[in-house]
Each structure stands twice: as structure tokens, then as C-alpha cells.
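Descriptive structure summary
Chain by chain, the residues run as shown.
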Amino acid sequence: MSKKPDPFAIDLTPELIIRAYQAGIFPMAEDADSPDLFWVSPQKRGVIPLDDFHISKSLRKTLRSHPFEVKVDTDFAGTIEGCATAGVDRESTWINPEIRRLYGALFERGVVHTVEVWDGAALVGGLYGVSLGAAFFGESMFHRKTDCSKIAMAHLLERLVAGGYHLLDTQFVTDHLRTFGGIEIPREDYEARLAEALRHQGDFFACDH
């Protein structure tokens, strides 16, 4: 028997995802195999203040001497695959095929960006996120070699500051993000910061000019 269409189902499109972010909402899946997405708007929202973030002394030393090459927007498929792969630092992932499809379409439109860390021809770390106005919404990160996700995050912070961004939304706060100065703020505070950031226009490529 064919499955009856759900009269309450919403056709998820890249445009709908953009409107959701502008309203302070983002999609997730239960796990990588789930066919469905659900909307999330946490009571406490994770952010890294762009005027008060922290780079540790050890990471500063790593940034001066690491052998890797940092690139942006060259391999979305590889980056989201890295983020979607369970590894030693996580047992599961929420990135399902629908997330890949939607964010891949947004990448093609220049709304999603990647920061990638390469060791020769091997992608060994990185992150991706959504850029709207002067707000950047970090989605996920990964590493295959020590400190490579930290290198990607440090590069992202430098790029956002250079580009005049007002908000770096991390959705939630982990111990890893706290090392960069990540904090939790109430939803109402977040929505005010988001509205202000959306009134401006950041330049993701400002430091490349």
C-alpha cells in the first residue's frame, strides 16, 4: 500500500531554513538515519562573544607553527561528511541526508560556508555554518588530527571579526566551545542580539581582500 500524504507535513526548502534562522530556530534530526527533522529553539542559547572570545596560549602557539593549510568553501561535501561521521569524540551524529541536501543547496547559494583544515590532499578538520546579515550560525565541526577543529574555529573567529560580524551562534555550549569563551544566554537576549545582527551585513571574505 502507498503511504498516505501527511496533510501537516512541511516541504522543507532552503528558503524555509533561512526564514527559520532569522526567527531564531534551527533544524536537527534525531540521528543520521532519521528521515525527519525537527525544529529547535533552546531556552538557553550558546554564543561566542566576538568582542570577548579567548584563544589559549597553547592554541596561539599551535596557530603559529602548525603544518596545515586552512581553506574556505572548497569542499562542502567533505566537510559535512567529516561532521556527520561518528568518531572517537562522539558516538552519534544528527546530520541526516535531508540536512546534507538542504545545507548543500544553501552552500551553492553562498549562504553556508566552510572552514577546512588540510594536510596536503587530506581534509583533517573543519566546520560549517550559515551566514545571514552579520550573524554566523555555527553548525558542526570535526577533526581527524589533534587540534584541527580548534584551528578551524580560531580561523573562523578571526574571519568573522575582520568581516564585521556581530553574532556567532553556537546553538549549544560544549566544553570545547567554552575554551573559546563560549557562554549561554537566555533566549530573549539571544533574539535581541540576532535582530541587531540581521540589521547589518558581514563580509565573510573581508580578510581575503
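Here is a short report on the structure shown in this document. (Residues numbered from 1 in each chain as written. Predicted model: local features only at pLDDT ≥ 70, side-chain atom pairs only at ≥ 80, totals over all residues. Heavy atoms only, no water.)

1. As for the overall build of the chain
Worth spelling out the cut-off: Elements are defined by DSSP. Helices are runs of H or I of four residues or more, strands are runs of E of two residues or more, and each kind is numbered from the N terminus. Here the radius of gyration uses the C-alpha set of atoms, whereas the globule reference equals 2.2 Å times the residue count to the power 0.38. Only protein chains enter the area calculation, which uses a 1.4 Å probe; residues under 20% of their type maximum are buried, those over 50% are exposed, and those in between are partly exposed. We call two residues in contact whenever any of their non-hydrogen atoms come within 4.5 Å of each other. Throughout, the Shrake-Rupley method with a 1.4 Å probe supplies accessible areas, and for residues the shown protein chains are the sole cover considered. We count Lys and Arg on the positive side and Asp and Glu on the negative side, and we leave His and both chain ends out. A single reference atom marks each charge: NZ on Lys, CZ on Arg, CG on Asp, CD on Glu.
A tally of helices and strands in the chain yields seven helices and nine strands. For the chain, the C-alpha radius of gyration of 17 Å lies close to 17 Å, the compact-globule estimate for 209 residues. Projecting the C-alpha coordinates of the chain onto the three principal axes gives extents of approximately 60 × 40 × 35 Å. Across the 209 residues that make up the chain, the buried fraction comes to 48%. The contacts in the chain between residues at least 6 apart in sequence include a share of 71% that link residues at least 24 apart. If you sum the accessible surface of the chain, you get close to 10,900 Å²; carbon and sulfur atoms cover 52% of it. Between the centroid of the 22 positive side chains of the chain and the centroid of its 31 negative side chains there is a distance of 3 Å.

2. Things to note about the nonpolar core
Proteins that are soluble and globular tend to have nonpolar side chains buried together. Test applied: As used here, the term nonpolar core means buried Ala, Val, Leu, Ile, Met, Phe, Trp, Tyr and Cys residues forming a set that is joined through side-chain atoms within 4.5 Å.
Counting residues in hydrophobic clusters, the biggest one holds 35 residues, and the most contacted among them are Tyr21, Ile95, Tyr103, Val112, Tyr128, Val130 and Phe137. Elements represented by at least two residues in this core include exactly helix H1 (14-22), strand S1 (26-28), helix H3 (76-84), helix H4 (97-108), strand S5 (112-119), strand S6 (122-132), strand S7 (135-143) and helix H7 (187-198). For this core, the element with the highest residue contribution is H4, accounting for five residues. Leu50, Met153, Leu156 and Phe180 belong to the second largest nonpolar core, which has 25 residues in total.

3. Considerations on the packing of aromatic side chains
Selection rule: A pair of Phe, Tyr and Trp rings is counted when the ring centres sit within 6.5 Å of each other, with Trp represented by its six-membered ring. The angle between the planes then sorts it: under 30 degrees is stacked, over 60 is edge-to-face, the rest tilted. Sitting over a ring, as applied to charges here, requires NZ of Lys or CZ of Arg to be within 6 Å of the ring centre and within 35 degrees of the ring normal.
Considering all chains together, one arrives at seven aromatic pairs under this definition. Judged by centre distance (5.9 Å) and plane angle (80 degrees), the rings of Phe26 and Phe172 are edge-to-face. Of this pair, Phe26 sits in strand S1 while Phe172 sits in the loop between strand S8 (167-171) and helix H6 (175-178); the two residues are 146 residues apart in sequence, bridging distant segments of the chain. One aromatic cluster in this structure is built from Phe76, Tyr103, Phe107 and Tyr128. For the cation-ring pair, Arg45 lies above Tyr190, with the distance from its terminal atom to the ring centre recorded as 4.1 Å.

4. Describing H1
Regarding H1, the residues found buried are Pro14, Leu16, Ile17, Ile18, Ala20 and Tyr21. Positive backbone phi, at 85 degrees, marks Gly24, one or two positions downstream of H1.

5. Structural notes on the pairing of S6
Formally: DSSP-based pairing: two strands are paired if at least 2 bridges between them are found.
Of all the 11 residues making up S6, 10 are buried; the element is thus mostly covered by neighbouring parts of the structure. Taking the residues that link successive antiparallel strands as the turn, the S5-S6 hairpin has two residues, and the phi of Gly120 there is positive, at about 65 degrees. Two strands pair when backbone bridges link them, and S6 and S7 are joined in this way by eight bridges, in the antiparallel orientation. When the sheet's bridge partners are listed, Gly125 is paired in S7 with His143. Between S6 and S7, which pair antiparallel one after the other, the connecting turn spans two residues, and Gly133 there sits at a positive phi close to 60 degrees.

6. Here's the deal with the packing of H3 against H4
Selection rule: Lines fitted to the C-alpha atoms define the axes, with helices restricted to the stretch that makes contact. Angles between their N-to-C directions range from 0 to 180 degrees. Left-handed is the label given to a crossing in which the near helix is rotated counterclockwise from the far helix by less than a right angle, and right-handed is the label when the rotation is clockwise. Throughout, the ten residues Ala, Val, Leu, Ile, Met, Phe, Trp, Tyr, Cys and Pro are labelled nonpolar, Asp, Glu, Lys and Arg are labelled charged, and all others, Gly among them, are labelled polar.
Two numbers describe how H3 lies on H4: the axes approach to 11 Å, and their chain directions differ by 145 degrees. Considering only the axes of H3 and H4, their crossing is right-handed. Of the residues in H4, those touching H3 at Phe76, Ile80, Glu81 and Ala84 are Ile99, Arg100, Tyr103, Gly104 and Phe107. Here the contact of H3 with H4 is composed, by residue class, of six nonpolar, one polar and two charged.

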